[in-house]
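# Structural characterization, general
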Amino acid sequence: MSEHLPALQVVIALTAAPLVMMMNRFPRLAWGVTLVTCWATLVVAVLLLLQVSDGSVIHYEMGGWAPPWGIEYRVDGANAWVLLIIGLVSAVVMPFALRSVEQEIPADRIGLFYSAFLLANAGLLGIAITNDAFNIFVFFEISALASYALIAMGRDRRAMLSSYQYLIMGTVGTTFLLIGIGFLYIMTGTLNISDLAMRLPEVTETRTIRAAFAFIAVGISLKLALFPLHLWLPNAYSFAPSMVTVFLSATATKVAIYVLLRFIYTAFGFEFSFEELSVAWVLMPLALLGIIIPSVIAVFQEDVKRLLAYSSVAQVGYMILGISFATALGLMASVVHLFNHAITKAALFMAVGCLVYRLGGVSLSRIAGVAERMPWTMAAFVVAGLSLIGVPLTAGFVTKWHLLQAALMEGLWPVAVVLLVISLVATVYIWKVVEAAYFRPAPEDAREIREAPLSLLVPTWVLTATTIIFGVWAQFPISAARNAAEALLGVPQSW
Amino acid sequence: MVSDAALIYWAMAVPLLGMLALIAASRWAVLRDALVVVTAAVMFGVVLQLLPRVLAGERPSATLFELFPGLEIAFMVEPLGMVFALLASGLWIITALYAIGYMRGAKELHHTRFHVYFCIALFSATGIAFSANMFSLFVFYEILTLSTYPLVAHKGNEAAKQGARTYLGLLLGTSIGLMLPALIATWWLAGTLEFTPGGIMAGRVDPAVGTILLVLFMYGIGKAALMPFHRWLPSAMVAPTPVSALLHAVAVVKAGVFTVLKVTVYLFGLDYLELLGSTDIILYVAVFTLLSASLVAIQKDNLKARLAYSTVSQLSYIVAAAMLVNEFAALGGGMHIVMHAFGKITLFFCAGAIYVATKKTEISDMNGLGRRMPVTFCAFFLGALCVIGVPPLGGVWSKWHLLMGAYDSGAQLVVLALIISTLLNIAYLIPPVVRAFLLPPPKGEETAGVREAPLLCVVPLSLTALGCLALFVMAGPLAELLRPYLSVAGG
């Protein structure tokens, strides 16, 4: 059984998806099956992470076909970490989904909704676990198509348009990725990433490989919403159903960043990416602009979901910035931020989901004075907000600390200053929400509003507590991220 | 014998446990208020247990947890921290009594919430006092800011919210924008944030960089209220008076100057400090602050605003003491933390008592009030004399040492400034007393009879006023306690 874990990681969700669709007439049953599926996925992810935590690598030949003919799944410290993020967020979001989805999605579509959710989930898991470049593309499309459907099911009619926008941008992204992979295949005759890593050095001088690199980098950058290719993200996150926003914000961009790392570190290799092509010179300015501009835009948002969406773009900038230092410490800071930001932003969007559940919308004027009636929801928002800012003893601080150290190690004082100033900007936009909810008087015509139901509140607080737990007990994420960074670099580091 | 770690943890756990207890008892006002006093007393008792150990030369320490290697939440009790913790917890007992009288007398609302945040504030102040490294101190420093914010905004009206926003904005802004970068840079350059006698910078950090770091730290510690980042303190005066008294004359502001002393003595080290170009700059910023804040204080008619600017001025005495880099000044700075605390808390208690009894807040309305509230104004007089530094009150000793220190360092300008400032102190602290006792009350106000504030207001302020007197003779033991810190500071 345990040797088939890598296959189970994807297969459970993939087979559950059509089953759930068939249960469309029984929404609660569909939900129950999805819940069990997600929890099983988490268990598998944890087991895999435990297996590779000593630095070992699991190879799994799909259907018994040995690579390069068959598809190989390969789990190491890096993607086990990403699998855990997906598993954890989906497992926590499912109890939350029950009532949130019942309220936002028409009853006759709930089964379809969960089916699409499972497909998106399976797609993301597949991207993370597979060691086959073409397979990555396929899973990208699976998750993307399912995500378009999920976003389009938002209650606001603009959800349709945002979904369409995402579809165009996403398709361009995956097409670029496919072109790049095609070029790689032409030049090397293989799609297995480990094989690519071995054969690429012989042909790196060619223009084709450089073009392939460019296509892949731009294609993935679209998917991970690297500034200025982020335009699809704020709309998609703002208008999607609450539960979808939570899930996608915590996982979709993270997985894309993982793929970028896999290509530049493993397939192309550090030397080619950073020394021959100097990719850091492109990534660092974009990362910095991506941190600064969306953060400032976030300050001026009226809608809390949109505000957090812009903050997500900025957080992607942090992760790319860590990569652009081209050091082990920078890489590790990025990888640890994948996790820290996932739990932080998911907690924030869940708190927002609670507000949406009671208020119907989350513009700053609508949430005025809401803290008095929904104290637990807003408290969760404040705590997770502190983590987003990066206050000590929260998960966000662990990231920021390492990112700053990585910047200082390279002697990049101005970058360190930017990071600190932007934390202040983050304080401002979180404060705007806090001020509206705590200090503005509630509107006269406010309906009688009660605290969100426990089924929403408990998952929200589970993730919120996680941001504190991993801010205090930081050894776990740090050692996992170090493990992941070593897996990507291919050599043990002295930290 | 209780272990060191247990005592340290208990000292910090007691206010939190007390907080839970009083939340549970929130329905029964009398029980709840009693619990506040009991909590304060127990906490003081626990802190007191640490005193003999520190006097015996021990340094009780404990490590709570390690965030990641080299960065931990850890505690170590050294003389200066001992003094600060004793001061904060001791005065809390008196303030708790006073707060009960004040909150009822002034008909303030939300008593439970008020006491809850008070408990958290005291918890974090103790954390600051006992922190063994700059990182721990920073964490508790921020908790203190956050927990006092709701106290400043307590009244909930527009003025309170506005004041509270300035309060939070300036304190968080300076600490995250300036202190945190300085802290990270220090960790990066020196490899540690441990408070170490003699400092951690020497030989590790280029004095040119140290010069910048010092400026970042001194302005980053916004609670020390160096100009131009002093505005939060007057803004905080919208809070109920017990808050102004314990937090904005003792715990919060003293946490600021305490941090200044810790940073200069245990992070920079005085020998290293002398190498830095910015030490003199900060010294003169402090001198400027202490003079100009006094000048502003003279013009304030609102009693609490005047006291607030007076505090800004007095805090700069201590910053200046740290920047003078010699033994007398360092002793003066350490003593001034205590002396000013007793003097200023008395003054604030009086301001609150006057408000409770008469609803008066402006000094110009206080003519003849001394006949009605003799005890309060006598206490005010003693508190004022203590802050000014006149024998036989405690304040004289700290100013004396400060002057000696300035003289020793050859900083004639500072000597002059201290003398001028003392004159200014007289000019703004004595007139309220003179008006109250010597001027006739305005027409239409009855003069007959003594009508003081409630007993729970008057007794505490009398106690702290007597404390100011007692400190005159207690200065010796206090200096003795601070001695080991001085041997570090004086080099």
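Sequence order as written defines the numbering, with residues in each chain counted from 1. Whichever chain is written first is A, and whichever ligand is written first is 1; the rest continue in order. Totals for whole chains, interfaces and linings use every residue, but because this is a predicted model, local features are given only for residues with pLDDT of at least 70 and side-chain atom pairs only at 80 or more, for both listing and counting.

## A short note on the overall build of chain A
The numbering of helices and of strands both runs from the N terminus, where a helix is a DSSP run of H or I of at least 4 residues and a strand a run of E of at least 2. If you tally the helices and strands in chain A, you get 19 helices and two strands. Computed over its C-alpha atoms, the radius of gyration of chain A comes to 21 Å, within 12% of the 23 Å expected for a compact globule of 495 residues. Each residue is classified by how many other C-beta atoms fall within 10 Å of its C-beta atom, where C-beta atoms are placed from the backbone; a count of 20 or more means buried, 12 or fewer means exposed, and values in between mean partly exposed. By residue count, 61% of the 495 residues in chain A fall in the buried class. This entry defines residue contacts through backbone-placed C-beta atoms, with two residues in contact when those atoms are within 7 Å. A separation of at least 24 residues holds for 78% of the contacts in chain A among residues at least 6 apart in sequence. Two things to know: the radius of gyration comes from C-alpha atoms, and the globule rule equals 2.2 Å times the number of residues to the power 0.38.

## Considerations on the packing of helix H6 (residues 158–188) of chain A against helix H9 (residues 232–239) of chain A
Residues and elements named next belong to chain A. Between N-to-C directions, angles cover 0 to 180 degrees, with each direction set by a line fitted to C-alpha atoms, over the stretch in contact for helices. Two numbers describe how H6 lies on H9: the axes approach to 9 Å, and their chain directions differ by 145 degrees. For the pair H6 and H9, the sense of crossing is left-handed. The residues of H9 that touch H6, namely those facing Arg 158, Ala 159, Ser 162, Gln 165, Tyr 166 and Met 169, are Trp 232, Asn 235, Ala 236 and Phe 239. As a working rule, the residues Ala, Val, Leu, Ile, Met, Phe, Trp, Tyr, Cys and Pro are called nonpolar, Asp, Glu, Lys and Arg charged, and the rest polar, with Gly in that last group. The residue inventory of the contact of H6 with H9, partitioned by class, reads six nonpolar, three polar and one charged. Rotating anticlockwise by less than a right angle from the far helix to the near helix defines a left-handed crossing, while the corresponding clockwise rotation defines a right-handed one.

## Some remarks on the interface of chain B and chain A
Listed by partner, the interface residues are 15 residues for chain B and 15 residues for chain A. Secondary-structure elements contributing two or more residues to the side of chain B that touches chain A are strand S1 (61–68), helix H5 (134–152) and helix H6 (158–190) of chain B. With nine residues, the top contributor of residues to the side of chain B that touches chain A is H6(B). Of the residues that constitute the side of chain B that touches chain A, the class distribution is 11 nonpolar, two polar and two charged.

## With respect to the packing of helix H14 (residues 328–359) of chain A against helix H19 (residues 475–489) of chain A
Residue and element names in this part refer to chain A. It is at 8 Å that the axes of H14 and H19 come closest, and there the two elements cross at 125 degrees. Our classification of the angle between H14 and H19 gives oblique. Here H14 runs over H19; the crossing is right-handed. Contact with H14, carried on its side by Ala 328, Leu 331, Met 332, Val 335, Val 336, Phe 339 and Asn 340, involves Pro 477, Ile 478, Ala 481, Arg 482, Ala 484, Ala 485, Leu 488 and Leu 489 of H19 and no other residues of that element. When the residues that make up the contact of H14 with H19 are grouped by side-chain class, the tally is 13 nonpolar, one polar and one charged. Relative orientations are named as follows: roughly parallel for angles under 35 degrees, roughly antiparallel for angles over 145 degrees, roughly perpendicular for angles from 65 to 115 degrees, and oblique for any other angle.

## What about the environment of B:Val30?
Take B:Val30: it is sitting in helix H2 (residues 29–55). Distance from B:Val30 to B:Arg371, taken between C-alpha atoms, is 32 Å for residues 341 residues apart in sequence.

## Some thoughts on the domain arrangement of chain B
All names here are of chain B. Annotation comment: domain bounds sourced from an automatic or database domain assignment. Domain parsing of chain B yields domain 1 (1–269) and domain 2 (277–491). Summarising the inter-unit geometry, the C-alpha centres of domain 1 and domain 2 are found 21 Å apart. Contact with domain 1, which involves 48 residues of that partner, is made by 49 residues of domain 2. Of all elements in the fold, only helix H3 (79–105), helix H7 (207–220), helix H8 (232–235) and helix H9 (241–268) reach the threshold of two or more residues within the side of domain 1 that touches domain 2. At 17 residues, the largest contribution of residues to the side of domain 1 that touches domain 2 is made by H9. Among the residues forming the side of domain 1 that touches domain 2, the class breakdown is 36 nonpolar, 10 polar and two charged.

## Quick look at unusual backbone geometry
Here the bond from A:Phe227 into A:Pro228 is cis, since omega is 0 degrees, no more than 30 degrees from zero. Tracing the sequence through the fold places A:Pro228 in the loop between helix H8 (207–224) and H9. The backbone of A:Leu393 sits at a positive phi, close to 75 degrees, despite the residue not being glycine. At B:Ala225, a residue that is not glycine, the phi angle is positive and equals roughly 60 degrees. With respect to the helices, strands and loops of the structure, B:Ala225 is situated in the loop between H7 and H8.

## A closer look at the nonpolar core
Among the nonpolar cores identified, the biggest contains 411 residues, and A:Trp81, B:Val319 and B:Ala320 are the most heavily contacted of them. Per-element accounting of this core gives the leading share, 22 residues, to H14(A). Counting residues domain by domain, this core receives three or more from each of domain 1 (1–269) and domain 2 (277–491) of chain B. The contacts of A:Trp81, once residues within four sequence positions are left out, are A:Leu49, A:Val335, A:Phe339, A:Ala480, A:Ala481 and A:Ala484. Each nonpolar core reported here comprises buried Ala, Val, Leu, Ile, Met, Phe, Trp, Tyr and Cys residues connected via C-beta atoms within 7 Å.

## Quick look at the pairing of strand S2 (residues 71–76) of chain B
Residues and elements named next belong to chain B. Bridge count between S1 and S2: six bridges; the pairing is antiparallel. For Glu 66, the partnering residue across the bridge sits in S2 and is Glu 72. Any two strands are treated as partners once DSSP identifies two or more bridges connecting them. Count of turn residues in the S1/S2 antiparallel hairpin: two residues, of which Gly 70 carries a positive phi of about 90 degrees.

## Quick word on helix H16 (residues 395–409) of chain A
All names here are of chain A. Between its first and last C-alpha atoms H16 spans 22 Å; for 15 residues at 1.5 Å apiece the expected length is 21 Å, and the two agree. Counted residue by residue, H16 has 12 buried out of 15 residues, so it is predominantly covered. For H16, the full list of buried residues reads Ala 395, Gly 396, Phe 397, Val 398, Thr 399, Lys 400, Trp 401, His 402, Leu 403, Leu 404, Ala 406 and Ala 407. Just downstream of H16 lies Gly 411, where phi reads positive at about 75 degrees. Any helix carries an expected span of 1.5 Å times its number of residues minus one.

## A short note on the confidence of the model for chain B
Known as pLDDT, the predictor's confidence for each residue is given on a scale from 0 to 100. For chain B, mean pLDDT is 86; residues scoring 70 or higher make up 98% of the total. Overall fold confidence for the complex sits at a pTM of 0.86, while the interface term, ipTM, reaches 0.77.

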